[in-house]
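What the coordinates show
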Amino acid sequence: MLNTLIDPPPASAPRVLETAPLFVHTLWRTGGTYVWNKLRRGAFWAYHEPFHELLLTARPDQLEAQFQDNFSGRLRHPETERQYFHEFPAAPTGGVPFFAKSFSYDDYWLPETHAHPALRHYLQHLLSHAADQGRRPAAKFCRSALRLGWLRQNFPAAHWGLLRAPRAQWESYLSFAGKYFTTATLLVAGKTAHAPVMQPLQAALPVPRLDAETVAEELQAYAHLLPHFELDQQYFVFYYLWLAFLMETAAATDLILDLDLIQADAGARQALEARCAEVFAAPLDFADIHLPAYSQLSQPAEELQRVEAAVLACFSRELGDSYRARLTRFDPAAAPLSSAYRRLIDSVLAGRPLPAPPAFSFPAGPRPVD
């Protein structure tokens, strides 16, 4: 039976961060599963990737079999006790009620004021299901980057954004032989080609929109397209989406988690843990965080820097005014944030690129899970 959690108040109504549902927004390979696992082991009924394409048809027994087949190990994720989608009210015959194929990528960009009753009802149903378990809802999203504002407008949730150094994240993408992450990045760019935030990318490096009946068919189509993009062009698309996510995170979240910084700086980690507990009633211990080190990159550093500079130039020149109007609530002192992120945000807001994109430091040590 539906309860008041599924009737969000107007956007102007105050949100009670200590009791609100918690929405965690990430890109792939950022440490999001690590944070989700922390929430799941705590007081939360924590959903893993509510926009994942598997939720359209997969049966619980199929998801369990996938999990038992060393799923966490193959993805280099931290160990978890139950299959990833255990919390979803999946039907025995397959699929989660009210989920639609369009939720994964067709709706990847949504304007804040867009009416989308089907998507809203689906997420409301998940919040209600969590409440029926007597637990506070949480959800970790990997496909929400360009609809953060819409989610904030439609749900009285506390929103966190997870950030990871872009070159380390890109190296993690490239480390998988199946190329799911590089292919899906191209798919995202194609599916959002009409979005205002994506127009500078389309002007610099057009990515066509390819539609099919299933996400699997669309991924296959973009997999065929991927070899037509040189590796530096693929990085251009990735870095553009990474920068857009950084700016959306600054504009629409209540807390930014800079995971590289909290691994490197014990003081920053303790400050973040205190804020999670005091402001969001989410006591979490990040002492065991261990992002992987990449002592060698797949592309020359000079090439990566050239791409980053080109992306920053077109992004800040075309979108600086838009983000200046939206970042009225951004408080860089609200959580520990590395100077590299601050400089990038300031550059976009100023409407001009930096002489050189800031460098991010990578954690040192052996390569663990990510």
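Notes on the structure follow. As the structure is a computational prediction, the values presented were derived from the model and not from experiment.

**Some words on the overall build of the protein chain**
Along its length, the protein chain carries 14 helices and 5 strands. A total accessible area of about 15000 Å² is found for the protein chain, and carbon and sulfur atoms account for 55% of it.

**Considerations on the sheet that holds strand β5 (residues 255–258)**
As summarised here, the arrangement of the 5 strands in space is β2-β3-β1-β4-β5, forming an open sheet in which the pairing is parallel. Only two strands of the sheet have a single partner each, and these edge strands are β2 (44–48) and β5. Across the sheet, the mean angle from the axis of one strand to that of its neighbour is 20°, orientation sign disregarded. Its contacts with the sheet put helix α4 (residues 117–132) on β1 (22–25), β2 and β3 (136–141), and the angle it makes with β2 is roughly 145°. On top of the sheet, helix α10 (residues 231–252) reaches β1, β4 (158–163) and β5; it is set at about 150° to β4, its chief contact.

**Comments concerning the pairing of β3**
Consecutive side chains along a regular strand alternate between the two faces of the sheet. Counting buried positions along β3 yields 6 of 6 residues, so the element is predominantly enclosed. Neither face of β3 is exposed, since Arg136, Ala138 and Lys140 on one face and Pro137, Ala139 and Phe141 on the opposite face are all buried. In terms of strand pairing, β1 meets β3 through 4 bridges, oriented parallel. Across the sheet, the residue bridging to Leu22 is Ala138, located in β3.

**Notes on the packing of α10 against helix α14 (residues 339–350)**
Between α10 and α14, the least distance of the axes is 11 Å, while the angle of their chain directions is 90°. Between α10 and α14, the interaxial angle falls into the category roughly perpendicular. On α14, the residues touching Tyr239, Trp242, Leu243, Leu246, Met247 and Ala250 of α10 are Tyr341, Leu344, Ile345, Val348 and Leu349. When its residues are assigned to classes, the contact of α10 with α14 shows 11 nonpolar, no polar and no charged.

**Points about the packing of aromatic side chains**
Scanning the entire structure with this criterion turns up 28 aromatic pairs. Centre to centre, the rings of Phe99 and Tyr122 are 5.4 Å apart; their planes meet at 70°, and the pair counts as edge-to-face. Linking Phe99 in the loop between α3 (71–74) and α4 with Tyr122 in helix α4, this pair joins segments that are 23 residues apart in sequence. Relative accessible area serves as the criterion here: at 0%, Tyr122 is assigned to the buried category. Where Tyr239 meets Trp242, the ring centres are 5.4 Å apart and the plane angle is 20°; that geometry is what we call stacked. Residue Tyr239 and its partner Trp242 are both found in helix α10; the two are separated by 3 residues, about one turn of the helix. On the basis of relative accessibility, which here comes to 2%, the residue Tyr239 falls in the buried class. Aromatic ring contacts, followed pair by pair, group Trp28, Trp170, Tyr173, Phe176, Tyr180, Phe181, Tyr235, Phe238, Tyr239, Trp242 and Tyr341 into a single cluster. Directly above the aromatic system of Phe51 lies the positively charged group of Arg147, at a separation of 3.9 Å from the ring centroid.

**Notes on the side chain of Arg147**
Within the secondary structure layout, Arg147 lies in the loop between β3 and α5 (148–154). Although Arg147 lies buried, it forms no salt bridge, and the closest oppositely charged side chain, Asp107, sits 5.2 Å away as judged by the N-O distance. Of the polar contacts made by the side chain of Arg147, one reaches the backbone oxygen of Asp107; its length is 3.2 Å. Here Arg147 is in contact with Phe51, Phe103, Ser104, Asp107, Tyr108, Leu110 and Leu119, once residues within four sequence places are set aside.

**Observations regarding the pattern of salt bridges**
Under the definition given, this model contains 22 salt bridges. The residue Glu49 makes a salt bridge to Lys140 at a minimum N-O spacing of 3.2 Å. Of this pair, Glu49 sits in the loop between β2 and α2 (60–68) while Lys140 sits in strand β3, and the two are 91 residues apart along the sequence. For Lys140, a relative accessible area of 2% translates into the label buried. The salt bridge partner of Asp106 is Lys101, with a shortest N-O separation of 3.1 Å.

Scoring rules and cut-offs
- Residues numbered from 1 in each chain as written.
- Predicted model: local features only at pLDDT ≥ 70, side-chain atom pairs only at ≥ 80, totals over all residues.
- Heavy atoms only, no water.
- Helix = DSSP H or I, 4+ residues; strand = E, 2+ residues; numbered from the N terminus.
- Areas by Shrake-Rupley, 256 points an atom, 1.4 Å probe, with all protein chains shown as cover.
- Pairing = 2+ DSSP bridges.
- Axes fitted to C-alpha atoms, helices over the stretch in contact; angles between N-to-C directions.
- Contact = heavy atoms within 4.5 Å.
- Buried < 20%, exposed > 50% of the residue type's maximum accessible area, 1.4 Å probe, protein only.
- Parallel < 35°, antiparallel > 145°, perpendicular 65-115°, else oblique.
- Nonpolar A, V, L, I, M, F, W, Y, C, P; charged D, E, K, R; others polar.
- Phe/Tyr/Trp six-rings, centres within 6.5 Å; stacked < 30°, edge-to-face > 60°.
- Lys NZ or Arg CZ within 6 Å of the ring centre and 35° of its normal.
- Lys, Arg positive; Asp, Glu negative; His and termini not counted.
- Salt bridge = Lys/Arg side-chain N within 4 Å of Asp/Glu carboxyl O.
- Polar contact = N/O pair within 3.5 Å; in protein donor to acceptor, adjacent residues only side chain to side chain.

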